[in-house]
Amino acid sequence: MRHADLQPFEFVDIWDVTNGARLETYVIEGEAGSGCICINGAAAHLVKKNDLVIIASHRYVLEGESVPEPKVIFVDSHNKPVH
């Protein structure tokens, strides 16, 4: 969450590259540094452990407000950022 500037309860899209599932949900903060990404509730039927996923956050921009630069973070098999 820290590397991606995600905030608790921020809405995100989850795109499962492994099976093609797409869903919208929100962020719940877990243990810092754990690298754990969990899908809870009914959405857990759509995304399985070890699936490759893309997490995309987005927000509305008001007229005249500057558009933030996109931030892309790649992670290893333990969800640790790689550079």
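Each remark here, short or long, concerns the structure printed above.
Keep in mind the model is a prediction, meaning the values are calculated, not measured. (Residues numbered from 1 in each chain as written. Predicted model: local features only at pLDDT ≥ 70, side-chain atom pairs only at ≥ 80, totals over all residues. Heavy atoms only, no water.)

## Describing the packing of aromatic side chains
In the structure shown here, the tally under the stated rule is one aromatic pair. Summarising the aromatic geometry, the rings of F9 and Y26 are spaced 6.1 Å apart at their centres and angled 25° between planes, so their arrangement reads as stacked. Linking F9 in the segment before β1 (11-16) with Y26 in strand β2 (residues 22-26), this pair joins segments that are 17 residues apart in sequence. Classification of F9 as exposed rests on a relative accessible area of 59%. (Phe/Tyr/Trp six-rings, centres within 6.5 Å; stacked < 30°, edge-to-face > 60°. Helix = DSSP H or I, 4+ residues; strand = E, 2+ residues; numbered from the N terminus. Buried < 20%, exposed > 50% of the residue type's maximum accessible area, 1.4 Å probe, protein only.)

## Overview of the sheet that holds strand β3 (residues 53-57)
The strands making up a sheet associate through backbone hydrogen bonding, with each pair oriented either parallel or antiparallel. Overall, antiparallel pairing links the three strands, which are arranged β2-β1-β3 in an open sheet. For this open sheet the edge positions go to β2 and β3, each flanked by a neighbour on one side alone. Neighbour to neighbour, the strand axes of the sheet diverge by 25° on average, direction disregarded. Bridge count for β1 against β3 is five bridges, and the pairing is antiparallel. (Pairing = 2+ DSSP bridges. Axes fitted to C-alpha atoms, helices over the stretch in contact; angles between N-to-C directions.)

## Some remarks on the environment of K49
Within the element layout of this structure, K49 appears in the loop between β2 and β3. According to the relative accessible area criterion, K49 is exposed, its value standing at 77%. For the pair formed by K49 and I37, sequence separation is twelve residues and the distance between their alpha carbons is 9.3 Å.

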